[in-house]
Amino acid sequence: MHFPFAIPNSAVTADSLAAPVETIVAVTEHLDDSPALTRAEAKGITTGVVPYTRGIAPRERAMLPGYDSGIACLLIGAFLLIAFNLRHYTTMLKSLPRDLFSVRRRDNLFEEHTMNETRLLLSMIVLLCLNVAILATACVTAAKVAPPLSHIAMIITFATAMAGYYVAQLCAYSTVGVVFADADVSRLWLKGFNASQSTLGLALVIPALVVVFDPAAVMPVAIVAAVLYLIARMIFIYKGFRLFYHKISSFVYFILYLCTLEVAPLFLIVRAYRFIAL
């Protein structure tokens, strides 16, 4: 059948304005046939598990000694003990410089002495033992040589040891004073010892509070505490030298005293701690 309006195939001409038809060819490439990366390109590419996607492993938060209720009770008890005797502190603070440096055998008639001085001295020695115990606990904990005890147990142990050491020193100094001097010199020497330790106890309050609430500052605080201890000891040794030195021959006995009562006990304490705790 003939269609008068049909156009033969040969008469079809390409339209110059028609959009060109692109031929899409799917290319399949195997992974092994892909080109290898150069060394420079491989540096900027992370392969495997990305570390930050795993997060940070949780760690237990360290317990600050200042948040321990037992340590807080010890500090509050020491400060209350001092507060109960606060009205007598003015008299004792006035007598501390005299007891530290004076070598007069007879007291001044205008010097005040009260019956509460012994109780006040006891409260300051308790404060000294507590401050030394807190500093010692912080030092052994930072040095990782602490015994397997809690903070409160270590502080009580060190405070008891410090109290025993203080009593042992009193007995030793009293014996030396009786053997090598008279009653007046022995009394002045013991007064100097008590005054130096009381002053040291007051001076160590701030370092002890710092390590309680900021254990990371233990190293500079320990250096400050050691310097304060040396100053207190040097003042006491200076007063003892003034009391006992008479001739050049007494210098030999003074050196023996330093080695026996001032240096040797510290080495014995360190060795005993290493033997017992470690």
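The numbers attached to residues start from 1 for each chain and follow its sequence in the written order. Reporting in this predicted model follows two pLDDT cut-offs: at least 70 for local features of residues, and 80 or more for side-chain atom pairs to be given and counted; totals over whole chains, interfaces and linings ignore these cut-offs and use all residues. As a rule here, side-chain values come from all non-hydrogen atoms in the structure, and water together with hydrogens is ignored.

## Comments concerning helix α3 (residues 89-101)
Argument step 1. Under the 1.5 Å per step criterion, the end-to-end length of α3 is 19 Å for 13 residues, consistent within 8% with the ideal 18 Å.
Argument step 2. Throughout, bend refers to the angle between the axes fitted to the seven residues that end at a position and the seven residues that start at it. In DSSP terms, a helix is any run of H or I states spanning at least four residues, a strand is any run of E spanning at least two, and both are numbered starting from the N terminus. Ser95 marks where α3 bends most, by close to 30 degrees; the proline Pro97 follows one to four residues later.
Argument step 3. Those residues of α3 that are buried lie in contact with α2 (69-84), α4 (117-142), α6 (183-203) and α8 (218-244). To estimate how far a helix should reach, multiply one less than its number of residues by 1.5 Å. We call two residues contacting when some pair of their heavy atoms lies within 4.5 Å.

## A closer look at helix α9 (residues 250-277)
Argument step 1. In this model α9 runs 40 Å from its N-terminal to its C-terminal C-alpha over 28 residues, within 8% of the 40 Å that 1.5 Å per residue would give.
Argument step 2. Roughly 40 degrees is the biggest bend found in α9, and it falls at Ala264, with proline Pro265 one to four residues downstream.
Argument step 3. Relative accessibility under 20% of the residue-type maximum defines a buried residue, over 50% an exposed one, and the middle range a partly exposed one, all with a 1.4 Å probe and only protein chains included. Taken as a whole, α9 has its buried residues at Ser250, Phe254, Tyr257, Leu261, Glu262, Pro265 and Tyr273.
Argument step 4. For α9, the secondary structure elements touched by its buried residues are α4, α5 (151-180), α6 and α8.

## Remarks on a nonpolar patch on the surface
Argument step 1. Patch membership requires more than 30% relative accessible area and the absence of a salt bridge. Residues of like charge join within 9 Å; the nonpolar side chains Val, Leu, Ile, Met, Phe, Trp and Tyr join within 5 Å. Surface exposure here means Shrake-Rupley accessible area, sampled with a 1.4 Å probe, where a residue is shielded only by the protein chains that are shown. A carboxyl oxygen of Asp or Glu within 4 Å of a side-chain nitrogen of Lys or Arg is what we treat as a salt bridge. Taken together, Val178, Val179, Phe180, Val252, Tyr253 and Leu256 make up a surface patch of nonpolar side chains, about 670 Å² in accessible area.
Argument step 2. Among the elements of the structure, α5 and α9 are those that each provide at least two residues to the nonpolar patch.
Argument step 3. Residue classification places Tyr253 among the exposed positions, given a relative accessible area of 53%.

## Comments concerning the nonpolar core
Argument step 1. Within the largest apolar cluster, 51 residues are counted, with the highest numbers of intra-cluster contacts made by Ile134, Tyr173, Trp189 and Tyr257.
Argument step 2. Broken down by secondary-structure element, the contributors of at least two residues to this core are α2, α3, α4, α5, α6, α7 (205-213), α8 and α9.
Argument step 3. It is α4 that provides the largest number of residues to this core, a total of twelve residues.
Argument step 4. Tyr173 has contacts with Trp189, Leu190, Phe193, Arg233, Phe236, Tyr257, Leu261 and Glu262, leaving out every residue within four places of it along the chain. We define the nonpolar core as a collection of buried residues of types Ala, Val, Leu, Ile, Met, Phe, Trp, Tyr and Cys that are connected through side-chain atoms lying within 4.5 Å of one another.

## So, the pattern of salt bridges
Argument step 1. Counted by the stated rule, this structure contains two salt bridges.
Argument step 2. Where Asp184 meets Arg187, a salt bridge forms, and the shortest distance between an N and an O atom there is 3.9 Å. Placement of the pair is Asp184 and Arg187 together in helix α6, with a separation of three residues, close to one helical turn.
Argument step 3. Residue Arg187 is classed as partly exposed on the basis of its relative accessible area, which comes to 28%.
Argument step 4. In this structure, Glu262 engages Arg233 in a salt bridge whose closest nitrogen and oxygen atoms are separated by 2.9 Å. Here Glu262, found in helix α9, pairs with Arg233, found in helix α8; they are 29 residues apart in sequence, far enough to count as distant.

## Digging into the packing of aromatic side chains
Any two aromatic rings considered together are summarised by their centre-to-centre distance and by the angle between their planes.
Argument step 1. Under the pairing criterion, centres of Phe, Tyr and Trp rings, with the six-membered ring standing for Trp, must be within 6.5 Å; the plane angle then separates stacked pairs below 30 degrees from edge-to-face pairs above 60, leaving the rest tilted. For the structure on display, the rule yields 14 aromatic pairs.
Argument step 2. Here Tyr173 and Phe236 contribute two aromatic rings whose centre-to-centre distance is 5.1 Å and whose plane-to-plane angle is 55 degrees, an arrangement assigned as tilted. With Tyr173 in helix α5 and Phe236 in helix α8, this pair connects stretches of sequence that are 63 residues apart.
Argument step 3. Residue classification places Tyr173 among the buried positions, given a relative accessible area of 1%.
Argument step 4. With 4.9 Å between their ring centres and 20 degrees between their planes, Phe241 and Tyr245 make a pair best called stacked.
Argument step 5. Residue classification places Phe241 among the partly exposed positions, given a relative accessible area of 26%.
Argument step 6. The partly exposed category is assigned to Tyr245, whose relative accessible area is 34%.
Argument step 7. Members of the aromatic cluster, each reached through a chain of ring pairs, are Tyr166, Tyr173, Trp189, Phe193, Phe236, Phe241, Phe244, Tyr245, Phe251, Phe254 and Tyr257.

## Focus: unusual backbone geometry
Argument step 1. Its identity as a non-glycine residue notwithstanding, Lys144 has a phi of 60 degrees, on the positive side.
Argument step 2. Mapped onto the secondary structure, Lys144 falls in the loop between α4 and α5.

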